[in-house]
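These are the residues of each chain, in order.
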Amino acid sequence: MMKKLTITHCPICGSKKLNPVHECKDYFALGDCFMIKECESCGFRFTDEAPSEDEIGIYYKAEDYVSHSDTQKGIVNKLYHFARNMMLRKKGNMVDDIYNYNHKEGSDQKKHILDIGAGTGYFLNEMNERGWLVEGAEKSDDARVFADKHFKIELARSIADYMGTPSNMKKYDIITLWHVLEHLENLNGSLNDIRSLLKDNGNLILALPNCASYDARKYKEYWAAYDVPRHLWHFTPETVSMVASKNGFEVERIAAMPLDAFYISMLSEKYKGNKLPFVAGMLTGMSSLLRVAKDPKQASSIIYVLKKRI
Ligand SMILES: [Zn+2]
């Protein structure tokens, strides 16, 4: 029997009234179905009965991003590299801006960043080239070997490796989780650990899919960013504010990731059985762009900048 993550109380508000909303299929790996439930009192959504952390590995098997990172051959890979480099520059500029906003120009203090779920290390390498001292954690052995080999960045296996005693714990100016928090089994515990690793004037940056987005509401159970059972928690701007405040943070600002809607919509069209997912996905992506221009909370994915509440 597989060990399951049974949730009896809402992790945010503690309510026991948890109602089913969508039955989603794992189109990516094994084809199993999982129920998305919603808390009646606060609206938080989560994947019910997901495999526990020590058994969920088989649902990640199809992911081969290490070899993907390496090759430059072919038009798809060229596009992939172009998009990735553009995203890396965007993320790098954003982190530099957030830091400079909170620190006096010209102070030659060393800047420390911790990236949780660092993957193959591309983002930390970008930050290293921008003058940051970089550290990170990554669960995948292959990804850690890649980061070490290509960038000479030694990643830890998990956040736990950074947790010392309160007196000797190193603190960071910026901690980033790019599409990672939705994968972490211990939601409140992880945020609590992250809080103790962050300097008092530091910022936590979270990128998360938004299940209240235009595309999520359009595709319902076919919405690709439900990504069951890998995504355990399904956030909205409202529930992010609540989970932040529960764990001693507040949301300072948000930024839409407007291009994610294109990729997520194409994938969702494919899951729905559309024979022309590219065309239909592009159209939904365009509709999303128009809505997000007026209201960033409609975006398929959102970047949240959090600060400590002291
Ligand atoms: Zn709740």
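In this text the structure is predicted, and so the values were computed from the model without any measurement.

(A) Quick peek at the sheet that holds strand S12 (residues 301-308). Pairing is mixed across the open sheet formed by six strands, whose spatial order is S7-S6-S8-S9-S12-S11. Only two strands of the sheet have a single partner each, and these edge strands are strand S7 (133-137) and strand S11 (249-257). Along the sheet, successive strands turn relative to each other by an average axial angle of 20 degrees, direction set aside. Direction of pairing for strand S6 (residues 112-116) relative to S7: parallel, over a ladder of five bridges. When the sheet's bridge partners are listed, His 112 is paired in S7 with Leu 133.

(B) Fine view of helix H8 (residues 260-272). For H8, which comprises 13 residues, the first-to-last C-alpha distance of 18 Å matches the rise-based estimate of 18 Å (1.5 Å per residue) to within 8%. Regarding H8, the residues found buried are Asp 260, Ala 261, Phe 262, Ile 264, Ser 265, Met 266, Leu 267, Ser 268 and Glu 269. At its buried positions, H8 is contacted by helix H6 (214-219), S11, helix H9 (277-294) and S12. Downstream of H8 by one or two residues, Gly 273 has phi in the positive range, about 95 degrees.

(C) Layout of the packing of H8 against H9. Closest axis-to-axis distance for the H8/H9 pair is 7 Å, and the angle between their directions is 140 degrees. Compared by their axis directions, H8 and H9 come out oblique. Note on packing geometry: the crossing formed by H8 with H9 is right-handed. The residues of H9 that touch H8, namely those facing Ala 261, Phe 262, Ser 265, Met 266, Glu 269 and Lys 270, are Pro 277, Phe 278, Ala 280, Gly 281, Met 282, Thr 284, Gly 285 and Ser 288.

(D) Expanded view of the pairing of strand S3 (residues 33-39). Among the seven residues of S3, five are classified as buried, and the element is accordingly described as predominantly covered. In this structure, strand S2 (residues 18-25) lies alongside S3, joined through seven bridges in antiparallel fashion. Note that in S3 the partner of Lys 25 across the bridge is Cys 33. Direction of pairing for S3 relative to strand S4 (residues 45-47): antiparallel, over a ladder of three bridges. Bridged to Lys 37 within S4 is Phe 46. Here S3 hands over to S4 after five residues, with Gly 43 in that stretch at a positive phi of 85 degrees.

(E) The arrangement of the sheet that holds S2 in detail. One open sheet accounts for four strands, arranged S2-S3-S4-S10; its pairing is antiparallel. Each edge of the open sheet is held by one strand with a lone partner, namely S2 and strand S10 (233-234).

(F) Spatial organisation of unusual backbone geometry. Put simply, Val 228 and Pro 229 share a cis peptide bond, and its omega is -5 degrees. Turning to its location among the elements, Pro 229 is positioned in the loop between H6 and S10. Phi at Lys 220 takes a positive value of approximately 45 degrees, unusual for a residue other than glycine. Locating Lys 220 in the fold gives a position in the loop between H6 and S10. Lys 220 gets classed as partly exposed once you count the C-beta atoms within 10 Å, which come to 14. Phi at Asp 227 is positive, roughly 40 degrees, even though this residue is not glycine.

Parameters and conventions
- Residues numbered from 1 in each chain as written.
- Predicted model: local features only at pLDDT ≥ 70, side-chain atom pairs only at ≥ 80, totals over all residues.
- Pairing = 2+ DSSP bridges.
- Helix = DSSP H or I, 4+ residues; strand = E, 2+ residues; numbered from the N terminus.
- Axes fitted to C-alpha atoms, helices over the stretch in contact; angles between N-to-C directions.
- Expected span 1.5 Å × (residues − 1).
- Buried ≥ 20, exposed ≤ 12 C-beta atoms within 10 Å, placed from the backbone.
- Contact = placed C-beta atoms within 7 Å.
- Parallel < 35°, antiparallel > 145°, perpendicular 65-115°, else oblique.
- Left-handed = near helix turned anticlockwise from the far one by under 90°.

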